[in-house]
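Commentary on secondary and tertiary structure
Next come the chains, spelled out residue by residue.
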Amino acid sequence: MRLNIAVLEDDPAENARLSAFIRNWGGVNADNFGMLMRYSRGEDIIRDFMPEKYNIVLMDILMDGLSGIETAKKLRELDMNLLIVFMTTSREYIFDAFPIHTFDYILKPYRQKDVSALLTEAVSVISSQEREITLKLPRSERKVKIGCISSAVANRHNIEIHMTDGECITAMMKFSEIEELLAEDARFLVCSRGVMLNMERISAIDNNTFIMKEGQLYPIRTRGRAKIRDTFSQYLISRMRREN
């Protein structure tokens, strides 16, 4: 697959530098490099933006006019699947970005290897999102993209598959079958008996309950609770790794 990339940076020198790093990566990974568009103001990318136009946007947090946080919120409203990466000089701003559920961040001054590693991982994540599994329905089968699954919940002899667009699909399958299909994807976590969540879709934890972006609430089981919370924490930390 090919990445369509947008850069949002109001410092001309930084904008040019980051764009050069991206093109260098694209020169080595031609099969995965689509287009690159550059913006200097949040207002400009919002005006030009359409859902699925870009796979990933790399943006500065502190900018004149609309900040990176404000811009990202507006882009997220338009495209739930967009990968958003913040560039910042300080980790303190990263916590402001948590509700937006960013893909990653890069601390300035970043290097070519940081940008290359980021884009390579983005290709892997998007390819995984595009991978499909087959659900058994009462009279047919249906293929769905793994990245579009928010949660899988056992309901008697069926499984309710909650999708990121709000649809609920009833699959005539055992929970163990769904668990096996999703087990190889690092985003999925079993939080209680018969409940498996896409950690990308968790917006918060409140009183040992996972709150999903789609609005569902899923309690964390008592047995193994610390390990479950730790797994989720490590998943978040793994997305904030580029400090060296």
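Here we summarise the structure given alongside this text. Note that the coordinates shown come from a computational prediction; the quantities given were computed from them, not determined experimentally.

**A closer look at the state of the cysteines**
The final tally for this structure, using the stated rule, is zero disulfides. Cysteine Cys168 is unpaired, with the sulfur of Cys148 as its nearest cysteine sulfur at 15 Å. You can call Cys168 partly exposed: its relative accessible area is 39%. Cys191 takes part in no disulfide bond, and the closest cysteine sulfur, belonging to Cys168, lies 16 Å away. On the accessibility criterion, Cys191 (0% relative accessible area) is buried.

**Some words on the pattern of salt bridges**
Taken as a whole and assessed by the stated rule, the structure comprises twelve salt bridges. For Lys108, the salt bridge goes to Glu9, with nearest N and O atoms at 3.1 Å. With Lys108 in the loop between strand E5 (104-107) and helix H4 (112-130) and Glu9 in the loop between strand E1 (3-8) and helix H1 (12-28), this residue pair connects regions lying 99 residues apart in the sequence. With its nearest N and O atoms 3.8 Å apart, the salt bridge here joins Arg17 to Glu14. In this pair, Arg17 and Glu14 both sit in helix H1, three residues apart, roughly one turn of the helix. Its relative accessible area of 29% is what places Arg17 among the partly exposed residues.

**Some words on the packing of H1 against H4**
Packing of H1 against H4 leaves a shortest axis separation of 9 Å and a crossing angle of 55°. Relative to H4, the element H1 is oriented oblique. The handedness of the crossing between H1 and H4 comes out as right-handed. Between H1, through Leu18, Phe21, Ile22, Asn24 and Trp25, and H4, the contact on the second element is made entirely by Gln112, Val115, Ser116, Leu119, Thr120 and Val123. Class assignment for the residues of the contact of H1 with H4 results in seven nonpolar, four polar and no charged.

Quick notes on the rules
- Residues numbered from 1 in each chain as written.
- Predicted model: local features only at pLDDT ≥ 70, side-chain atom pairs only at ≥ 80, totals over all residues.
- Heavy atoms only, no water.
- Disulfide = S-S within 2.5 Å.
- Buried < 20%, exposed > 50% of the residue type's maximum accessible area, 1.4 Å probe, protein only.
- Salt bridge = Lys/Arg side-chain N within 4 Å of Asp/Glu carboxyl O.
- Helix = DSSP H or I, 4+ residues; strand = E, 2+ residues; numbered from the N terminus.
- Axes fitted to C-alpha atoms, helices over the stretch in contact; angles between N-to-C directions.
- Parallel < 35°, antiparallel > 145°, perpendicular 65-115°, else oblique.
- Left-handed = near helix turned anticlockwise from the far one by under 90°.
- Contact = heavy atoms within 4.5 Å.
- Nonpolar A, V, L, I, M, F, W, Y, C, P; charged D, E, K, R; others polar.

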